[in-house]
Amino acid sequence: MSHKLSLREVTKDYHGVRVLSVPELDVREGEFFSLLGPSGSGKTTTLKLIAGFEALTTGSIEIDGRDVAPVPVEKRNIGVVFQNYALFPHMTVAQNIAFPLETRRVPRPEIARRVAEVLELVDLAPHRDKNAALLSGGQQQRVAIGRTLVFEPSLLLMDEPLGALDRKLRQRLQEELRALQRKLGITVVYVTHDQDEAMSMSDRIAIMNHGVVEQLGAPRGLYDRPETLFVSNFLGDNNTLRAQRSSASSLRFSDGIEVPAPESAHPAGAALSVTLRPERVALASPVSGPQGASRLRGTVTDAVALGAITSYSVRVDGIGDLKASVQHSGGDYFIGAPGDEVLVGWDVEDLHLFADSGGVLDAGLGDD
Ligand SMILES: Nc1ncnc2c1ncn2[C@@H]1O[C@H](COP(=O)(O)OP(=O)(O)OP(=O)(O)O)[C@@H](O)[C@H]1O
Ligand SMILES: [Mg+2]
C-alpha cells in the first residue's frame, strides 16, 4: 500500500546533538495524524523537516511515493499553519485568502471562484471585506486555515494552530477543523501537546518523547494499551504505584500486600511501576463489597463532585493514595465522605505493568 507520507531512517542533529530519530513513520492518505508530546520532544522539528524548512541530517521523506529531497519548499504543495498565524493585517479577509493564488499566478476569475468557495468552507463569507486585523482570534485562525486550503495542498501541516485560543473556541474550532478535513479528505499532520485535543481529533497519534516516537496508534488503543510508562502517564490520568513481581500472576506492594496481576514478561522479583486509571478503581461501602477482583480496605481522604463524576482520594492500606473517579449513572452511585471506610477494587487487566526505571514518580505512593 502506498502512503501519503513516509519517513525513513530520519534523524536531525543541531550542533552535533541528536534531537530527532524516526526510523519509520507512515501517514495514510486522508488521515488526521497527530504528533503529541511534551515541550522539546521534537514535534515542530518533524514538521519542519516534512515542510522542507530544515534539512534532514540522515534519511529520506517521501510524499505520494516520491522523495521530496530535490523538491524546493514552495514546490512541495504543502499547506502549513502555525500557532502564530501571520495574516496581512492591512488586507481584507478575501485578499488574505487570495494571496497564495496570486503568488502562483492563477488567473483572476479562477481566484475569485476559489476564494468564494473557501470563504464558505471556513464560514467567513459575511466577513470577506473586513480588515483581517479586526477579526476575533478564532476568525483569524479560520482565515489562516482558509489561506492554506485555497491552493489545495496535498498535505496540510499544522503546528499547535489553536494553541492561542481560549478553551471554548478551541473546542469549537477542533470540531470545525475535523469536519472540514473529513469533507475535503485532506491528509493532515497535526502537532499538539494537548492530549485531549489529540485524542478527540486524530485517526492515529504518534506519542513523542525526547525525539523518538514512543508509541503510535489509534487514540483508544494508546489509552487502553500503553506500551511504556511514559505513554500511560502522558495520556489521561493515572495512579502510578511501585511494586514487585511476586509470581507469574501476582505482584507485591512494598509492605507485603499481594494482589493478582496480568501476565507480563517481567521475571519474578522485578521492580515494577504499575499504572491504574482512576476511572477503573471501583469503590464500595464495606457492606456491599466492590465489583473488582481485588478487595482492599481504604479510607476516603477527599471527595470532589465534578458534575458527571465524583473524584475521590482514598488511602489504601498497604498501597498508598489512590485516585478514583466514579461515574454517576442514574441515582445509583456511591458517595463517601472523608473519613469513611471503603472497599477498593479493580479488574486485573486494568493494571498496566512497566519495568521500574528507578526514577522519581509524578504520582504514586503516599508517605506512609
Ligand atoms: N534551530 C535549533 N537549534 C538548536 N536546537 C534546536 C533548534 N530547533 C529545535 N531545537 C531543539 O530540538 C529539540 C526539539 O525541539 P522542537 O521545537 O521540535 O520541540 P517541540 O516538540 O515542538 O516542543 P514545543 O511543544 O515546546 O513546541 C529541543 O530540544 C530544541 O531545543
Ligand atoms: Mg513546537
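Up top you'll find the structure we're talking about.
This is a predicted model, so every value here is computed, not measured.

Conventions used here
Every chain begins its residue count from 1, and numbering advances along the sequence as written. Chain labels run from A onward and ligand labels from 1 onward, assigned in the order the entries are written. In keeping with the model being predicted, local features are shown solely for residues with a pLDDT of at least 70 and side-chain atom pairs are shown and tallied solely at 80 or more, while totals for entire chains, interfaces and linings include all residues. With hydrogens and water excluded, all non-hydrogen atoms of the structure serve as input to the side-chain values. The helix count covers DSSP runs of H or I at least four residues long, the strand count covers runs of E at least two residues long, and both are numbered beginning at the N terminus. Only protein chains enter the calculation, and the probe is 1.4 Å; a residue is then buried if its accessible area is under 20% of its type maximum, exposed if over 50%, and partly exposed in between. In this analysis, axes come from line fits to C-alpha atoms, helices being fitted only over the stretch in contact, and the angle between any two N-to-C directions falls in the range 0 to 180 degrees. An angle below 35 degrees is read as roughly parallel, one above 145 as roughly antiparallel, one from 65 to 115 as roughly perpendicular, and any other as oblique. With the far helix as reference, a near helix turned anticlockwise by less than a right angle produces a left-handed crossing, and one turned clockwise produces a right-handed crossing. Only heavy atoms enter the contact rule, under which two residues are in contact if any of them lie within 4.5 Å. The classification used treats Ala, Val, Leu, Ile, Met, Phe, Trp, Tyr, Cys and Pro as nonpolar, Asp, Glu, Lys and Arg as charged, and all other residues, Gly among them, as polar. Strand pairing is assigned whenever DSSP detects at least two bridges linking the two strands. Whenever Lys or Arg places a side-chain nitrogen within 4 Å of a carboxyl oxygen from Asp or Glu, that contact is recorded as a salt bridge. The length a helix should cover is 1.5 Å for every residue beyond the first. Polar contacts, as counted here, are pairs of nitrogen or oxygen atoms within 3.5 Å of one another; within protein the pair requires one atom able to donate a hydrogen and one able to accept it, and residues that are adjacent in sequence qualify only if both atoms are side-chain atoms. If even one non-hydrogen atom of a residue comes within 4 Å of a molecule or strand, that residue is called near it. We get accessible surface area from the Shrake-Rupley algorithm with a probe of 1.4 Å; when it comes to residues, only the shown protein chains can shield them. Within 6.5 Å between ring centres, the rings of Phe, Tyr and Trp (the latter by its six-membered ring) count as paired, and their orientation is classed by plane angle as stacked under 30 degrees, edge-to-face over 60, tilted in between.

Some thoughts on the environment of Ser136
Then step 1. Mapped onto the secondary structure, Ser136 falls in the loop between α3 (108-121) and α4 (137-149).
Then step 2. Residue Ser136 is classed as partly exposed on the basis of its relative accessible area of 37%.
Then step 3. Separated by 29 residues in sequence, Ser136 and Leu165 have C-alpha atoms that sit 9.9 Å apart.

Description of the packing of α4 against helix α5 (residues 167-184)
Then step 1. Their axes nearest at 11 Å, the elements α4 and α5 cross at an angle of 20°. One finds that α4 runs roughly parallel with respect to α5. Along this stretch, α4 crosses α5, giving a crossing that reads as right-handed. Contacts between α4 and α5 involve Gly138, Gln141, Arg142, Ile145 and Leu149 from the first element and Leu169, Arg172, Leu173, Glu176, Leu177, Leu180 and Leu184 from the second.
Then step 2. Looking at side-chain class alone, the contact of α4 with α5 contains seven nonpolar, two polar and three charged residues.

Things to note about the sheet that holds strand β17 (residues 309-316)
Then step 1. On the basis of which strands lie adjacent, the open sheet formed by five strands has the order β15-β19-β16-β17-β18 and antiparallel pairing. This sheet does not close on itself; its edge strands, each paired only once, are β15 (282-284) and β18 (320-327). This sheet shows a mean twist of 40° between the axes of neighbouring strands, independent of strand direction.
Then step 2. Relative to strand β19 (residues 341-345), β15 runs antiparallel, the two sharing three bridges. Among the inter-strand pairings, Ala282 is bridged to a residue of β19, identified as Gly345.

Some points on the pattern of salt bridges
Then step 1. Taken as a whole and judged by the stated rule, the model has 23 salt bridges.
Then step 2. Between Asp237 and Lys323 there is a salt bridge whose closest N-O contact spans 3.4 Å. Here Asp237 is found in the loop between α8 (229-234) and β11 (239-247), whereas its partner Lys323 is found in strand β18, with 86 residues between them in sequence.
Then step 3. We classify Lys323 as partly exposed; its relative accessible area is 30%.
Then step 4. Because the salt bridges share partners, they merge into one network encompassing Glu110, Arg113, Arg114 and Glu117.

Examining the sheet that holds strand β10 (residues 212-217)
Then step 1. Here we have six strands laid out as an open sheet, ordered β6-β7-β8-β3-β9-β10, and mixed in their pairing. For this open sheet the edge positions go to β6 (78-82) and β10, each flanked by a neighbour on one side alone. The mean inter-strand angle of the sheet, taken between neighbouring strand axes irrespective of direction, is 15°.
Then step 2. Sheet analysis places strand β3 (residues 32-36) next to strand β8 (residues 188-192), joined by five bridges and oriented parallel. Opposite Ser34, over in β8, you have Tyr190 as the bridge partner.
Then step 3. Packing of helix α1 (residues 43-51) onto the sheet brings it into contact with β3, β6, β7 (155-159), β8 and β9 (204-209), and relative to β7 it is tilted by some 150°.

Digging into α5
Then step 1. Between its first and last C-alpha atoms α5 spans 26 Å; for 18 residues at 1.5 Å apiece the expected length is 26 Å, and the two agree.
Then step 2. For α5, the N-terminal capping position is held by Asp166, with its side-chain oxygen 3.2 Å away from the main-chain nitrogen of Lys168.
Then step 3. Directly beyond the C-terminal end of α5, a positive phi value near 65° is found at Gly185.

A look at the site of ligand 1
Then step 1. Close contacts around ligand 1 come from Tyr14, Val19, Pro38, Ser39, Gly40, Ser41, Gly42, Lys43, Thr44 and Thr45, and that covers them all.
Then step 2. One of the backbone N or O atoms of Gly40 is found 2.8 Å from an oxygen atom in ligand 1.
Then step 3. Ser41 is positioned with one of its backbone polar atoms (N or O) 3.2 Å from an oxygen atom of ligand 1.
Then step 4. Computed on the free molecule, ligand 1 has an accessible area of 630 Å², of which 61% lies beneath the protein chains in the complex.
Then step 5. It is α1 that provides the largest number of residues to the shell around ligand 1, a total of three residues.

Quick word on the pairing of strand β12 (residues 250-253)
Then step 1. Pairing of β11 with β12 involves four bridges; the strand directions are antiparallel. If you follow Gln244 over to β12, its bridge partner there is Arg252.
Then step 2. Linking β11 to β12, which pair antiparallel, is a turn of two residues.
Then step 3. Where β12 meets strand β13 (residues 258-260), three bridges bridge the pair, whose relative direction is antiparallel. Each bridged residue has a counterpart across the sheet, and for Ser250 the counterpart in β13 is Pro260.

A closer look at the packing of aromatic side chains
Then step 1. Scanning the entire structure with this criterion turns up four aromatic pairs.
Then step 2. Aromatic side chains Phe32 and Tyr190 sit 5.2 Å apart centroid to centroid with 40° between the ring planes, which places their arrangement in the tilted category. Of this pair, Phe32 sits in strand β3 while Tyr190 sits in strand β8, placing them 158 residues apart in sequence. This pair shows no difference in class: Phe32 is buried, exactly as Tyr190 is.
Then step 3. With a centroid separation of 5.3 Å and 15° between ring planes, the pair formed by Phe230 and Phe234 is classed as stacked. Residue Phe230 and its partner Phe234 are both found in helix α8; the two are separated by four residues, about one turn of the helix.

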